[in-house]
Amino acid sequence: MPLARSLSMTSLNGLPQWEDEDLPVEDLLLFEISWEVTNKGSAAWNLDKWKGEFWEVSNIGIPFHDQEANDAVIFGSLTAWFLKELSCQFEDKPNIIAHFHEWQAGVGLILARSQKLPVATIFTTHATLLGRYLCAASIDFYNNLDQGYTRMKVLFAQDKAMGGKFDFDIDKEAGERQIYHRYCMERASVHCAHVFTTVSQITATEAEHMLKRTPDVVTPNGLNIKKFSAMHEFQNLHSMYKARIQEFIRGHFYGHLDFNLEKTLFFFIAGRYEFSNKGADMFLEALSRLNFLLRVHKTDVTVIVFFIMPAKTNNFNVETLKGQAVRKQLWDTAQSVKEKFGKKLYNALLRGEIPDLNKILDRDDITIMKRAIFSTQRHCLPPVTTHNMIDDSNDPILNTIRRIGLFNNRTDRVKVILHPEFLSSTSPLLPLDYEEFVRGCHLGVFPSYYEPWGYTPAECTVMGIPSVTTNLSGFGCFMQEHVSDPAAYGIYIVDRRFRSPDESCNQLTQFLYSFCQQSRRQRIIQRNRTERLSDLLDWRYLGRYYMHARHLALSRTFPDKFEMEPSAPPKTEGFRYPRPSSVPPSPSVSQHSSPHQSEAEDEDEDERYDEDEEAERDRQNIKSPFSLGALPQGKKKQHGEYRN
């Protein structure tokens, strides 16, 4: 397959080959736009000319210092030129559909429409450009969308204390952030496209007000389920990788390991370091309240929380490295003593004697063990972060930890570990890939304020790990539409849109505390249900929305050749997983009143829960997602079924 370093004006022949196992290389064409690898006379050297042509078409000027926007012009011009050549070659057989994602690709769409190419165009925004900037500035964005007006009122963080509001002008705010040209490129792409789509209903609402066009179709993001599929092994994988996380914990908390690892739960949050957008601020506040509840109720459950958010560091924390070295040394010592003990026991049994356990360990063994115990003495608390942070005094997560006082004290039932790097199986600290780490945890917590879709909770779901999301994330809204009781399936949805921040934090705290109250069997059942939602996130299911968008684009571009069926477009609402029959019908008894439930309660739960029956019912539902027909004969209609 040819690799176009700079698209030749005559032919693509004679270009080097490019291969990748994970991509369909026979159908792939790459355009290289980087100045570093292009030669004089190639694409990048035509930048000024193409910027002029783009100005004539759109009246959008691109500053010379904005490299990303300049690259977008190069790529867009190459794309439009390629589509023109392609359409001339095909001569309308077959018809061409071009799907553009985000503003960086929008220049090609604008140029293609200006040249009136016979190409059906689709534009998808995964998040509006200005929306990202506004939410990053701690603006109460969603709660102040003023529907129906070209202007909307937004309450800025600095005005909250004074209770002041002011009119928000989209053009003005984009200009002040020096992204007005990018905003214009995005908005022009939206209005030029034959079909406009977004990835979630919450982003559709945002786009309607920010970009002034209602999306034609909502196209949720899917996953390649086959990549994550573990069939019936996902529970075993959880146990295996949990044991490896426990090994890290033994080293990290050496000298303070006075909690039961078998009753320790692992929570985590991962993603870009966007303190407010990703909900890290609310998560930390909820952890402080959870710590208080667990201490007041004197529970024996310990929660260890990982923050996997890349930040600027200069090296590993020495104390953290020492902890893993101490753990390995203790393990080697234990293995050495065990080997000597085993030989003495073996020889004694061969002689037909019962060994004297008081004499089987000699003085040297006792000395070695005393030295090992002495090496575990620690005169400081276990570190909160695994790396040396650059400018840690201004780090939002560390400053919040200092404020709420979660320093990994012995009395704390919630302990925090900040890992400011992406996970890697080659790490000397926590040698796990991200997928392995997720499988080993008990709960993913993503209380995001701005999350147009949310791949992290989706990845947790397909791996059978329960997660917390919000009704301001596309994933949370999608699950609310498709699942009658998301919490029963391990999807906890925090209301951040219609509640105050304090109320949302209390709700998150209650979700976390309720999860801590679950027995081991309850968590296993919940993981089974969570994993069964995988089919809902498979591209084989969600691909229908992209198919509909393409059919719609063809019917609008070539109305004489294509006609849309009169049936309504496939909306994301209309199909809902029923409430699992084993979940008690009354919410008041859905959770045990205390962490120490009786054995009788477990027996009742065993009678209610039938994994095979529930799984078969869910499989039948996903096969016909939009037809609410009757149950197969012989199966009783369960509580809450078919209720929309």
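Residues numbered from 1 in each chain as written. Predicted model: local features only at pLDDT ≥ 70, side-chain atom pairs only at ≥ 80, totals over all residues. Heavy atoms only, no water.

**Describing the overall build of the chain**
Stated formally: Helix and strand assignments follow DSSP, with helices taken as H or I runs no shorter than four residues and strands as E runs no shorter than two, numbered in order from the N terminus. For every residue, the accessible area obtained with a 1.4 Å probe (protein chains only) is divided by the maximum for its type, and the residue is called buried under 20%, exposed over 50%, and partly exposed between those limits. In this description, contact between two residues means that some pair of their heavy atoms is separated by no more than 4.5 Å. Surface exposure here means Shrake-Rupley accessible area, sampled with a 1.4 Å probe, where a residue is shielded only by the protein chains that are shown.
The helix and strand tally for the chain stands at 22 helices and 16 strands. Relative to its 644 residues, the chain shows a buried fraction of 51%. When contacts within the chain are restricted to residue pairs at least 6 apart in sequence, long-range pairs at least 24 apart make up 72% of them. With an accessible surface of roughly 31600 Å², the chain has 52% of that area assigned to carbon and sulfur atoms.

**Description of the pattern of salt bridges**
Where we set the bar: Throughout this description, the term salt bridge denotes a Lys or Arg side-chain nitrogen within 4 Å of a carboxyl oxygen of Asp or Glu.
Considering all chains together, one arrives at 27 salt bridges under this definition. With a closest N to O distance of 2.7 Å, Asp300 and Lys263 form a salt bridge. Here Asp300 is found in the loop between helix H11 (280–296) and strand E10 (302–308), whereas its partner Lys263 is found in the loop between helix H10 (234–252) and strand E9 (264–270), with 37 residues between them in sequence. Owing to a relative accessible area of 38%, Lys263 belongs among the partly exposed residues under this scheme. We note a salt bridge from Asp412 to Arg295, for which the minimum N-O separation is 3.6 Å. With a gap of 117 residues between them, Asp412 in the loop between helix H14 (396–404) and strand E13 (414–419) and Arg295 in helix H11 connect regions that are remote in the sequence. Residues joined in a network through salt bridges with shared partners are Glu285, Arg289, Arg403 and Asp502.

**With respect to the confidence of the model for the chain**
Heads up, the condition is: pLDDT expresses how confident the predictor is about each individual residue, on a scale running from 0 to 100.
Per-residue confidence for the chain averages 83 on the pLDDT scale, and 79% of its residues sit at or above 70. Contacts of residues 1–20 to residues separated by more than four positions or lying in other chains number 41 contacts, the stretch itself having pLDDT below 50. Scored below 50 in pLDDT, residues 146–167 makes 43 contacts in the model with residues more than four places away or belonging to other chains.

**A few points about the sheet that holds E13**
In plain terms, the rule: Pairing between strands is defined by DSSP: at least two bridges between them are needed. Axis geometry follows a simple rule: fit a line to the C-alpha atoms, using only the stretch in contact for helices, then measure angles between N-to-C directions, giving values from 0 to 180 degrees.
Strands sit in the order E13-E10-E9-E14-E15-E16 across an open sheet of 6 strands; the sheet is parallel. What marks the edges here is a single partner per strand, and that holds for E13 and strand E16 (491–494). Direction aside, neighbouring strands of the sheet carry axes that sit 25 degrees apart on average. Two strands pair when backbone bridges link them, and strand E14 (residues 443–445) and strand E15 (residues 467–470) are joined in this way by 2 bridges, in the parallel orientation. In the sheet register, Val445 faces E15, and the bridge partner there is Val468.

**Some thoughts on the pairing of E15**
What counts, and what does not: Crossover handedness is defined by viewing with both strands directed away from the observer: a clockwise path from the first strand over the helix to the second marks the crossover as right-handed.
Side chains Ser467 and Thr469 project from E15 onto one buried face, and the interleaved Val468 and Thr470 project onto a second face that is buried too. On the question of chirality, the crossover connecting E14 to the parallel E15 by way of helix H16 (residues 455–462) is right-handed. In this fold, the crossover linking E15 to E16 by way of helix H17 (residues 474–482) has right-handed handedness.

**A word on the nonpolar core**
A general feature of soluble globular proteins is that nonpolar side chains tend to end up buried together. Note the threshold: To define a nonpolar core, start from buried Ala, Val, Leu, Ile, Met, Phe, Trp, Tyr and Cys residues and group those joined through side-chain atoms within 4.5 Å.
By size, the foremost hydrophobic cluster in this structure holds 88 residues, and its most contacted members are Ile249, Phe267, Phe306 and Phe307. For Phe307, the residues in contact, after removing those within four places along its chain, are Ile269, Ala280, Phe283, Leu284, Leu287, Ile397, Val416, Ile417, Leu418 and His419.

**A short note on helix H19 (residues 520–532)**
In an α-helix, one turn spans 3.6 residues, which is why side chains three or four residues apart end up on the same side. Convention followed: Each residue after the first adds 1.5 Å to the expected span of a helix.
Its 13 residues place the ends of H19 19 Å apart at the C-alpha level, agreeing with the 18 Å of an ideal helix rising 1.5 Å per residue. Among all positions of H19, only Gln522, Arg523, Ile525, Gln526, Arg527, Asn528, Arg529, Thr530 and Arg532 are buried.

**Let's talk about the sheet that holds strand E8 (residues 217–218)**
Spatial strand order, E3-E4-E7-E8: 4 strands in an open sheet with parallel pairing. In this open sheet, the two edge strands, each paired with only one partner strand, are strand E3 (96–101) and E8. The sheet contact formed by strand E7 (residues 195–198) and E8 spans 2 bridges and is parallel. Note on E8: the bridge partner recorded for Thr197 is Val217.

**What about the packing of H11 against helix H18 (residues 501–517)?**
What counts, and what does not: When describing relative orientation, an angle under 35 degrees is termed roughly parallel and one over 145 degrees roughly antiparallel, while 65 to 115 degrees is termed roughly perpendicular and anything else oblique. Take the far helix as the reference: if the near one is turned anticlockwise from it by less than a right angle, the crossing is left-handed, and if turned clockwise, right-handed. Residue classes follow a fixed rule: Ala, Val, Leu, Ile, Met, Phe, Trp, Tyr, Cys and Pro count as nonpolar, while Asp, Glu, Lys and Arg count as charged, and any other residue, Gly among them, counts as polar.
Interhelical geometry of H11 versus H18 gives an angle of 50 degrees and a closest axis separation of 9 Å. Here H18 runs oblique to H11, going by the angle between their axes. Handedness of the H11/H18 crossing: right-handed. Contacts from Met282, Phe283, Glu285, Ala286, Leu287, Arg289, Leu290, Leu293 and Leu294 of H11 reach H18 at Pro501, Asp502, Ser504, Cys505, Asn506, Leu508, Thr509, Leu512, Tyr513 and Cys516. Per-class residue counts for the contact of H11 with H18 are 13 nonpolar, 3 polar and 3 charged.

**Concerning the packing of aromatic side chains**
Our working definition: When two rings of Phe, Tyr or Trp (its six-membered ring) have centres within 6.5 Å they constitute a pair, described as stacked for plane angles under 30 degrees, edge-to-face for angles over 60, and tilted for the intermediate range. Either the NZ atom of lysine or the CZ atom of arginine qualifies as a charge over a ring when it sits within 6 Å of the ring centre and within 35 degrees of the ring normal.
Tallied over the entire structure, the rule returns 16 aromatic pairs. Ring geometry for Phe268 and Tyr434: centres 6.4 Å apart, planes at 80 degrees, overall edge-to-face. Pair noted here: Phe268 is in strand E9 and Tyr434 is in helix H15 (residues 434–440), with a separation of 166 residues, a long-range link. When its relative accessible area of 0% is taken as the criterion, Phe268 is described as buried. Assessed through its relative accessible area of 25%, Tyr434 is described here as partly exposed. Above the face of the Phe558 ring, Lys561 is positioned so that its terminal group lies 5.8 Å from the ring centre.

**With respect to the pairing of E10**
With 7 of 7 residues buried, E10 is to be regarded as a mostly interior element. Every second residue of E10 is oriented toward a common face, with Thr302, Ile304, Phe306 and Ile308 on one face and Val303, Val305 and Phe307 on the other, all of them buried. Considered for its hand, the β-α-β crossover made up of E9, H11 and E10 is right-handed. Summarising the sheet, E10 and E13 pair through 6 bridges and their orientation is parallel. Opposite Phe306, over in E13, you have Ile417 as the bridge partner.

**Some details on the environment of Pro452**
By the element assignment, Pro452 lies in the loop between E14 and H16. Spatially, the C-alpha atom of Pro452 lies 7.8 Å from that of Leu472, the residues being 20 residues apart in sequence.

**Concerning the packing of H11 against H14**
A pair of packed helices is characterised by two quantities: the angle between their axes and the separation of those axes. Closest axis-to-axis distance for the H11/H14 pair is 10 Å, and the angle between their directions is 25 degrees. With respect to H14, the axis of H11 lies roughly parallel. Where H11 crosses over H14, the two elements pack in a sense that is right-handed. Listed contacts from H14 to Leu284, Glu285 and Ser288 of H11 are Ile397, Thr400, Ile401, Arg403 and Ile404. Its residues assigned to classes, the contact of H11 with H14 comprises 4 nonpolar, 2 polar and 2 charged.

**Here we look at unusual backbone geometry**
A positive phi is found at Gln178, a non-glycine position, where the angle reads about 60 degrees. You can see Gln178 is positioned in the loop between helix H6 (170–176) and helix H7 (180–192). Using a relative accessible area of 63% as the deciding quantity, one classes Gln178 as exposed.

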